[in-house]
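Structural characterization, general
Residues per chain are reported as follows:
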Amino acid sequence: MYHFYDQYCVEQAAKSRLRALPQVDLPVSLDFSSNDYLGLATHPDVVNAAIEAARQCGAGSTGSRLLSGNYSLIESFERQIAQSKHTEAALIFSSGYQANMTVLASLLSQRVLPAAPIVFFDRLNHSSLYNAMFLSGAEYVLFERNDMADLRRQLQKYRVASRPAFIVTETVHGMEADLLPIADVVDIAASYNCFLYLDEAHATGLYGPQGYGLSTTVDLSPVPHMVMGTFSKAIGGAGAYIACNTIMQQFMLNRTAGFIYSTAPSPMSVAAAAKAWSMVPALAAQRQQVFAMADLLRQLLRARGITVMGDGTNIVPVCLGDESDTLALKKVLLEEGMMVSAIRPPTVPTGTSRLRIAINALHDSDSVNQLAQAIVQHLSRPATRG
Ligand SMILES: Cc1ncc(COP(=O)(O)O)c(C=O)c1O
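Below, the structure is looked at part by part.

Reading guide: rules and limits
- For every chain, the first residue of the written sequence is number 1, and numbering continues from 1 along that sequence.
- Under the rules for a predicted model, residues below a pLDDT of 70 receive no local features and side-chain atom pairs below 80 are neither given nor counted, while totals for whole chains, interfaces and linings still include all residues.
- Where side-chain values are given, they derive from all heavy atoms of the structure, hydrogens and water being excluded.
- Each nonpolar core is a collection of buried residues, namely Ala, Val, Leu, Ile, Met, Phe, Trp, Tyr and Cys, held together in the definition by side-chain atoms within 4.5 Å.
- Buried means the residue's accessible area, taken with a 1.4 Å probe over protein chains only, is under 20% of the maximum for its type, while exposed means over 50%, and partly exposed covers the values in between.
- Every helix listed is a DSSP run of H or I at least four residues long, and every strand listed is a run of E at least two residues long, numbered separately from the N terminus.
- What fixes the domain bounds is an automatic or database domain assignment.
- We call two residues contacting when some pair of their heavy atoms lies within 4.5 Å.
- Here, a salt bridge means any side-chain nitrogen of Lys or Arg that lies within 4 Å of a carboxyl oxygen of Asp or Glu.
- In these notes, residues near a molecule or strand are those with any non-hydrogen atom within 4 Å of it.
- We define a polar contact as two N or O atoms separated by no more than 3.5 Å, with the added condition that, inside protein, one atom must be a possible hydrogen donor and the other a possible acceptor, whereas residues neighbouring each other in sequence contribute only through side-chain atom pairs.
- Using the Shrake-Rupley algorithm and a 1.4 Å probe, accessible areas are obtained, with residue cover drawn only from the displayed protein chains.
- Take the residue count of a helix, subtract one, and multiply by 1.5 Å to get its expected span.
- The pairing criterion for strands is at least two bridges between them, as found by DSSP.
- All axes here are fitted lines through C-alpha atoms, helices being fitted over the stretch that makes contact, and every angle between N-to-C directions spans 0 to 180 degrees.
- Only Phe, Tyr and Trp rings take part, Trp by its six-membered ring, and two of them pair if their centres are within 6.5 Å. Stacked means planes under 30 degrees apart, edge-to-face means over 60, and tilted covers everything else.

Examining the nonpolar core
Counting residues in each nonpolar core, the largest one holds 59 residues, and the members touching the most others are F77, F120, I167, L196 and F231. Counting residues per element, this core draws most heavily on helix α10 (residues 267-279), at seven residues. Looking at which domains feed residues into this core, each of domain 1 (20-42 + 284-385) and domain 2 (61-265) supplies at least three. Residues in contact with F120, not counting those within four places in the same chain, are V141, F143, L151, Q154, L155, Y158, R159, A165, F166, I167 and V168.

Overview of the pattern of salt bridges
One side chain can pair with another of opposite charge once the charged atoms of both are near each other. In total, this model carries 14 salt bridges according to the counting rule given. The partner of E176 in a salt bridge is R354, with the nearest N and O atoms 2.7 Å apart. Taken together, the residues span a long stretch of sequence, with E176 in the loop between β5 (165-170) and α7 (182-191) and R354 in strand β12 (residues 353-358) at a distance of 178 residues. You can call E176 buried: its relative accessible area is 17%.

Observations concerning the site of the ligand
Contacts to the ligand come from 14 residues, most closely from G96, D199, H202, S232 and K233. H126 places a polar side-chain atom, nitrogen or oxygen, 3.4 Å from an oxygen atom of the ligand. One of the side-chain nitrogen or oxygen atoms of D199 is found 2.7 Å away from a nitrogen atom of the ligand. Considered on its own, the ligand offers 390 Å² of accessible surface; in the complex 81% of this is hidden by protein. Counting residues per element, the ones that place at least two in the shell around the ligand are α4 (96-107) and β7 (225-230). When residues in the shell around the ligand are grouped by element, the largest group, three residues, is from α4.

Considerations on α4
When the terminal C-alpha atoms of α4 are compared, their 16 Å separation across twelve residues agrees well with the 16 Å that a helix rising 1.5 Å per residue should span. Within the span of α4, buried status applies to G96, Q98, A99, N100, T102, V103, L104, A105, S106 and L107. For α4, the N-terminal capping position is held by S95, with its side-chain oxygen 3.4 Å away from the main-chain nitrogen of Y97.

Brief notes about the sheet that holds β5
Taken in spatial order, the seven strands line up as β2-β8-β7-β6-β5-β3-β4 in an open sheet, and their pairing is mixed. The strands lining the two open edges of the sheet, one partner per strand, are β2 (89-93) and β4 (139-143). With direction set aside, neighbouring strand axes in the sheet form an average angle of 20 degrees. Inspection of the sheet shows strand β6 (residues 194-199) paired to β7 by four bridges, in the parallel sense. Of the residues in β7, the one forming a bridge with Y197 is M226.

What to know about the packing of aromatic side chains
Enumeration over the complete set of coordinates arrives at twelve aromatic pairs. For the pair F166 and F195, a centre-to-centre distance of 5.4 Å together with 35 degrees between the ring planes defines the contact as tilted. Pair noted here: F166 is in strand β5 and F195 is in strand β6, with a separation of 29 residues, a long-range link. Ring plane angle 80 degrees and centroid distance 5.4 Å describe the contact between Y241 and W277, whose orientation is recorded as edge-to-face. Taken together, the residues Y241 in strand β8 (residues 240-244) and W277 in helix α10 connect sequence positions 36 residues apart. Put simply, the rings of F77, Y212, F231, Y241 and W277 pair up and form one aromatic cluster.

If you want it as structure tokens, here you go:
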């Protein structure tokens, strides 16, 4: 049987798409690939919170939240998240992938809803959202990323009153580097009587008056909704939350299999995330710096005719289109001590391979200038273009 799996990898290799773990001890002086946008993963207070939690509560949570794995630290953090997100309740998961997969699948369950649901689904949604939808077996209609006219068109065409309808999208896109027109989406969800499921993985920590995400900039009360976010990016840790009302919290405790049958997150990761979360409102200067540096990089590259996607986010995608050009540029930058991510299909659509540059609070104008110069230099050399 192994040969089936080997054959798959051989085929991936033939298409130059075989994935492999990067070397761990690369001599990187500037890391533009990390999702630790605020530099909190190594903050001493965050690290100490994890150490203290391990001393007090142990390294592991010992069971599912519904059995032996509930503890006061996780409950108090959930109350804190609910307050920050202006919701009645919140529930914590061990990872963002787990949260999306299991929560969205349970939400779309045909054993719970009175009729088969229909999902209006952003074409560029994250793999965890796609897989949740596939797992649920729900019918879905794709709309173009951030295209509100297209969303309305699809709703006009396919929304029928007899079927529960859902809109699923991301507030900040981690690969396109754009912001959801969230107020418009809420209006549309209200007009078409849809449940709104928002993923704030890349917004948490960076947007909103206190840094708690784009969902805090609007009134979501006109529509039934759930807001997911992760601790794995700007919060610098691991795990995820769902912010919602108490009905949906109770529903998840009773129906969301990946919550019910999974061991609760470790007290260490919850304590680290809780500490980082509490620091977020005071990090306005870091947020400003991150956005200013991302703007600077965009300006420097665009001034040299390089195609850079997105605006207003700390993620700067440099679109090369061709997969091998993208890999080649990543490689030469690495040789100069600069780590960026090369993003290729199937993560992004064919023909849109790109370098994904993530600016974080540790970058300054010198580092951004160094990266921009290197990219400009290599892109103007025919050899790096294949
Ligand atoms: C939009 C989005 N949702 C969910 C996830 C999954 O989060 P996690 O890495 O915590 O599993 C990611 C992470 O890559 C993401 O970008």
